[in-house]
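The lines below spell out each chain.
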Amino acid sequence: MSTGRRRLTTTTDLGRWNAEAVLDVLYDREPRTNAELARETGLSRSTVERALDLLVEQGVVGKSEPVALVSGRPAVLYQLRPEFGYLLAIDVGAHTVRARVDDLAGPKAGLDAGAAEPEQATVDPSDSAEVRLSAVARVTDQALAGAGIGREQVRAVAVGTPGIVDSDGVIMLCWVIRSGDWTGDRLRAWVRDRFPAATVTVENDANLAVLAEQRFGVAGSAEDVVVVFAGRRVGLGIVHRGELHRGAHHQAGEAANIRDSRWGRASSWLYGRQADVPALFASAEAGQQVAVDDVAELAELLGDACAEVVQTIDPELIVLSGALSLAGATIGGPLAERFKQACRGMVEPDLRLSTLGRRPVLLGAAESARRQAFEHLLDDARPQLPSASPRRRS
């Protein structure tokens, strides 16, 4: 049996999937009745009730006394208990390090409410791993202090970094951070030592950006999405049939490493102008012809490159994310025009600008940490997971 996102082989697997579905709906912090949860998950009320009994017993979901509703009989309300644990998200880039702490329910609507997110630390691409990890320690300690919690209260940590990262969180290759000692298992081991009570994941930054666009951004429920994560360089995050696509060797999305490709040339364009890009886009927006022509060159490269994605992956949506999305219509307009020309004769997917600013990696890490925390919780509860058959979702 398959749910469309995960293959289920036992009734316990099915019970776990049902519990995950209930948790996913409760994620938005709003209290719900059993009937509302059944309607939103597509599960039967009895299945939802069994999942809720387990989650209440585990302490992750709170249960109210019966309360009066606008219509109908009084009903019990269920809601996530955010104080059950905390999530730590870390974005380790070539030039900056960011961190944020959220409670178990993850980022709220508006993304800032409820989070402890200190000022970013500045680093250099050539800084040693020791210097970079010192910056990570500094911003994470500040984030924990801002949330008023200790390390032992963190249930899950997710870290985003540039480079090729395998499924175990080992950095296999990283050209952007140039110190030479960033590859390997050092980052994951360091985080594990610092947070021994937490589950830890290290992931490619563009992969986390696409998770952020799904949960908080413009991707929504789309199941075939490519996020073009662009700032000082370009990377791709790919979701295929609802699942993150890393490739057989975890190299999917690294097209910018092909230097003479459109992706490689676009990445070189950004890298060569990194200090001047904001001023360049401001000049282009003001109509200065030299800047307009320069931006048009980038739009041509990215428009053609996105068309290549259509020809190879055929997504339903492409999202321009990262710092470059802050340029708005200045880059979005000419890019969309070039993209449309390059897609001539093909079915053209939607092309949208991200609304997450400079924080898609950090927000994607927060989402990844939330998923880890829930998975770990259900791993611990595996012998008690209820069995049930799902109804078809609408």
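Everything below is about the structure printed above this text.
Residues numbered from 1 in each chain as written. Predicted model: local features only at pLDDT ≥ 70, side-chain atom pairs only at ≥ 80, totals over all residues. Heavy atoms only, no water.

(A) How the structure looks around the pattern of salt bridges. Scanning all chains against the criterion turns up 24 salt bridges. Across the pair R233 and D205 runs a salt bridge whose closest N-O atoms are separated by 2.1 Å. Note that R233 is positioned in the loop between β10 (225-230) and β11 (234-240) and D205 in helix α6 (residues 205-215), a separation of 28 residues in sequence. Accessibility expressed as a relative area gives 5% for D205, which makes it buried. Through salt bridges with shared partners, one network takes in D24, R215, E367, R370 and R371. (Salt bridge = Lys/Arg side-chain N within 4 Å of Asp/Glu carboxyl O. Helix = DSSP H or I, 4+ residues; strand = E, 2+ residues; numbered from the N terminus. Buried < 20%, exposed > 50% of the residue type's maximum accessible area, 1.4 Å probe, protein only.)

(B) Highlighting the environment of T122. Within the element layout of this structure, T122 appears in strand β5 (residues 121-122). A C-alpha to C-alpha distance of 6.5 Å links T122 and V97, two positions 25 residues apart in sequence.

(C) Representation of the pairing of β10 in the model. A large share of β10 lies buried, amounting to six of its six residues. Every second residue of β10 is oriented toward a common face, with V225, V227 and F229 on one face and V226, V228 and A230 on the other, all of them buried. In this sheet, β11 lies alongside β10 in antiparallel orientation, the contact comprising six bridges. Looking at β11, one finds that V227 is bridged to G237. Counting the residues that bridge the hairpin from β10 to β11 gives three residues. (Pairing = 2+ DSSP bridges.)

(D) The arrangement of empty space enclosed by the protein in detail. Enumeration according to the criterion identifies one cavity of 30 Å³ or more in this entry. Put simply, the largest cavity is a space of about 40 Å³. As for the largest cavity, its lining consists of G163, V165, E203, N204, N207, R246, H250, A252 and E254. Residues that form the lining of the largest cavity fall into these classes: two nonpolar, four polar and three charged. (1 Å grid on protein atoms, 1.4 Å probe; cavity = no way out; pocket = protein on both sides within 12 Å on 5 of 7 lines; lining within 4 Å. Points joined across faces, edges and corners; volume = space filled by probe spheres on them. Nonpolar A, V, L, I, M, F, W, Y, C, P; charged D, E, K, R; others polar.)

(E) Representation of the environment of R188. One can find R188 in helix α5 (residues 186-194). Note on R188: relative accessible area 13%, which makes it buried. Separated by 162 residues in sequence, R188 and L26 have C-alpha atoms that sit 30 Å apart. Setting aside residues no more than four positions away along its own chain, R188 makes contact with D168, G169, V170, V200 and V202. (Contact = heavy atoms within 4.5 Å.)

(F) How the structure looks around the packing of helix α7 (residues 262-272) against helix α9 (residues 289-312). The N-to-C vectors of α7 and α9 enclose an angle of 150°; their axes lie 8 Å apart at closest approach. Taken together, the axis directions place α7 and α9 in an arrangement best described as roughly antiparallel. In this structure, α7 meets α9 at a crossing whose hand is left-handed. Mapping the contact onto sequence places R262, W263, R265, A266, W269 and L270 in α7 and D294, V295, E297, L298, E300, L301, L302, D304, A305, C306, E308 and V309 in α9. (Axes fitted to C-alpha atoms, helices over the stretch in contact; angles between N-to-C directions. Parallel < 35°, antiparallel > 145°, perpendicular 65-115°, else oblique. Left-handed = near helix turned anticlockwise from the far one by under 90°.)

(G) Main features of the packing of aromatic side chains. Per the stated rule, a full pass over the model turns up zero aromatic pairs. The positively charged end of R370 is found above the aromatic ring belonging to Y27, 3.9 Å away from the centroid. (Phe/Tyr/Trp six-rings, centres within 6.5 Å; stacked < 30°, edge-to-face > 60°. Lys NZ or Arg CZ within 6 Å of the ring centre and 35° of its normal.)

(H) How the structure looks around the sheet that holds strand β12 (residues 243-244). Across the sheet, which stays open at both edges, the five strands sit in the order β12-β11-β10-β13-β14 with mixed pairing between neighbours. Looking at the sheet topology across the chains shown, the edges are occupied by β12 and β14 (350-353). Here β11 pairs with β12 via two bridges, running antiparallel. Residue pairing across strands places V239 opposite L244, the latter belonging to β12. Relative to β11, α6 is tilted by about 55°, and along the sheet it contacts β10, β11, β12 and β13 (317-321). Together, β13 and β14 form the strand contacts of helix α10 (residues 329-342), whose direction differs from that of β14 by roughly 170°.

(I) Summary view of α10. Compared with an ideal rise of 1.5 Å per residue, which puts 14 residues at 20 Å, α10 spans 19 Å between its outermost C-alpha atoms and is within 8% of the ideal. All of the buried residues along α10 are T330, I331, G332, L335 and F339. Across the axial projection of α10, the buried residues extend over an arc of 165°, all falling on one side. For α10, the exposed residues lying more than 90 degrees away from the buried face are A329, E337 and K340. Contact partners of the buried residues in α10: α8 (277-285), α9, β13 and β14. (Expected span 1.5 Å × (residues − 1). Arc of directions from axis to C-beta.)

(J) The pairing of strand β6 (residues 154-161), seen in detail. Of all eight residues in β6, seven are buried; the element is thus mostly enclosed. With six bridges joining them, strand β3 (residues 86-92) and β6 adopt parallel strand pairing. By the bridge assignment for β6, I90 is matched with V159. Bridge analysis of β6 against strand β9 (residues 199-204) gives six bridges, and the strand direction is parallel. Directly across from T161, in β9, lies its bridge partner N204.

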